[in-house]
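Here is how the chains run, residue by residue.
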Amino acid sequence: MRKIIIAIDGYSACGKSTTAKEVAQILGYFYVDSGAMYRAVTVYFLEHHIAITNPKEVARALKEINVSFKINPQGNTEAYLNGLNVEKQIRKMQVSEWVSQVSAIKEVRAAMVEAQRKMGKKKGIVMDGRDIGSVVFPDAELKLFLTADLLVRAFRRQRELLERDELVDLDSVIGNLRQRDEFDSKRKVSPLVKSKDAIEIDTTHITIDEQVDEVVRLATGKMVRPGR
Ligand code: DC
């Protein structure tokens, strides 16, 4: 079977990462959480007090940043910033509050898109984000666009935060998701859009297992039928 690129885009907390991770495991593909890359850059900017409105300072900082991924002993991909594991740090609410602004900076996007394309050179990759099917891999063999009701997404994100010992009230989670959806969809550079050739999956009423099965089914179809 040929190796393909699977691009999964959609709003925040639609289950993109969970789906992408499991699909990658089943297919033996490499999983890349592109949001984690923008989050890692945000951690660096916050830690080094980078003035995000100063393009020179941003460009200088980007030269110092290396984001990579390693697979842990449990088989999960974790994000590293300059060699340090930042998987826990990048999921904090403070990072969520800043990441949309950081990811809207064109120099940041250019650096991340270049790194993402390198990771996809050999195919056999599942990448999730906002612009994967539209900008990073416009020729991806399979493009998916996930959606879900805001409240369902907020509950899921709140539970995730709780699992990481961060208790955030539902209103704050809803506010953050709303704000990021709006910001990510309206920004000038690479806004979140559904590509014409992306298949939309509404995850509101389906389980993760059902989502995963559907994506694996679609992917297998593309892997055995080149050109379709
Ligand atoms: O998937 P996530 O919620 O962890 O992503 C965090 C932020 O990063 C999201 O609000 C928008 C930005 N992002 C982006 O602009 N482009 C991507 N390909 C992935 C994420």
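Predicted model only: the values in this text are computed from it and were never measured. (Residues numbered from 1 in each chain as written. Predicted model: local features only at pLDDT ≥ 70, side-chain atom pairs only at ≥ 80, totals over all residues. Heavy atoms only, no water.)

**What to know about the overall build of the protein chain**
The following threshold applies: Put simply, DSSP marks the helices as runs of H or I at least four residues long and the strands as runs of E at least two long, and each gets a number from the N terminus on. The globule rule used for comparison is 2.2 Å times the number of residues to the exponent 0.38, while the radius of gyration itself is calculated over C-alpha atoms. Burial classification: accessible surface area is computed with a 1.4 Å probe over protein chains only, and a residue below 20% of its type maximum counts as buried, one above 50% as exposed, and the rest as partly exposed. What makes two residues a contact is simply this: any of their non-hydrogen atoms within 4.5 Å. Methods summary: accessible areas were calculated by the Shrake-Rupley approach with a probe of 1.4 Å, and residue burial reflects only the protein chains presented. Under the counting rule used here, the positive set is Lys and Arg, the negative set is Asp and Glu, and His together with the chain ends is not counted. Charge placement uses NZ in Lys and CZ in Arg. For Asp and Glu, CG and CD serve respectively.
Helix and strand counts for the protein chain stand at nine helices and eight strands. Its C-alpha atoms give the protein chain a radius of gyration of 17 Å, within 12% of the compact-globule value 17 Å for 228 residues. Principal axes of the C-alpha set define a box for the protein chain whose edges measure 50 × 40 × 35 Å. Put simply, the protein chain has 228 residues, and 50% of those count as buried. Counting contacts in the protein chain only where the partners sit at least 6 residues apart, residues at least 24 apart contribute 74% of the total. Surface accessibility of the protein chain: about 11800 Å² in total, with carbon and sulfur atoms responsible for 52%. Positive and negative side-chain charges of the protein chain, numbering 37 and 32 respectively, have mean locations separated by a distance of 7 Å.

**Comments concerning the nonpolar core**
Quick note on the threshold: What makes a nonpolar core is a set of buried Ala, Val, Leu, Ile, Met, Phe, Trp, Tyr and Cys residues whose side-chain atoms join them at distances within 4.5 Å.
Val41, Phe45, Ile65 and Val108 are the most contacted members of the largest nonpolar core, which totals 35 residues. For Val108, the contacting residues outside a window of four places in its chain are Tyr38, Val41, Phe45, Val58, Leu62 and Val102.

**A word on the sheet that holds strand β6 (residues 125-129)**
Here is the rule: Here, a strand pair is defined by DSSP locating no fewer than two bridges between the strands. Only C-alpha atoms enter the line fits that serve as axes; for helices the fit covers just the stretch in contact. Angles between N-to-C directions range over 0 to 180 degrees.
Taken together, five strands build an open sheet; the order of strands is β2-β6-β1-β7-β8 and the sheet is parallel. Each edge of the open sheet carries a strand with a single partner, namely β2 (30-33) and β8 (199-202). Between one strand axis and the next, the sheet turns through 20 degrees on average, direction left out of account.

**Points about the packing of helix α4 (residues 93-103) against helix α8 (residues 170-186)**
As a reminder, the rule being used: Here the word oblique covers every angle except those under 35 degrees (roughly parallel), over 145 (roughly antiparallel) and from 65 to 115 (roughly perpendicular). Handedness of a helix crossing follows the sense of rotation of the near helix relative to the far helix, less than a right angle counterclockwise being left-handed and clockwise being right-handed.
One can describe the packing of α4 onto α8 by two numbers: an axis separation of 9 Å at closest approach and a directional angle of 20 degrees. Here α4 lies roughly parallel to α8, going by the angle between them. As α4 packs across α8, the resulting crossing turns out to be left-handed. Mapping the contact onto sequence places Met93, Ser96, Glu97, Val99, Ser100 and Gln101 in α4 and Ser172, Val173, Asn176, Arg180, Phe183 and Asp184 in α8.

Keep in mind these values describe shape, not function.
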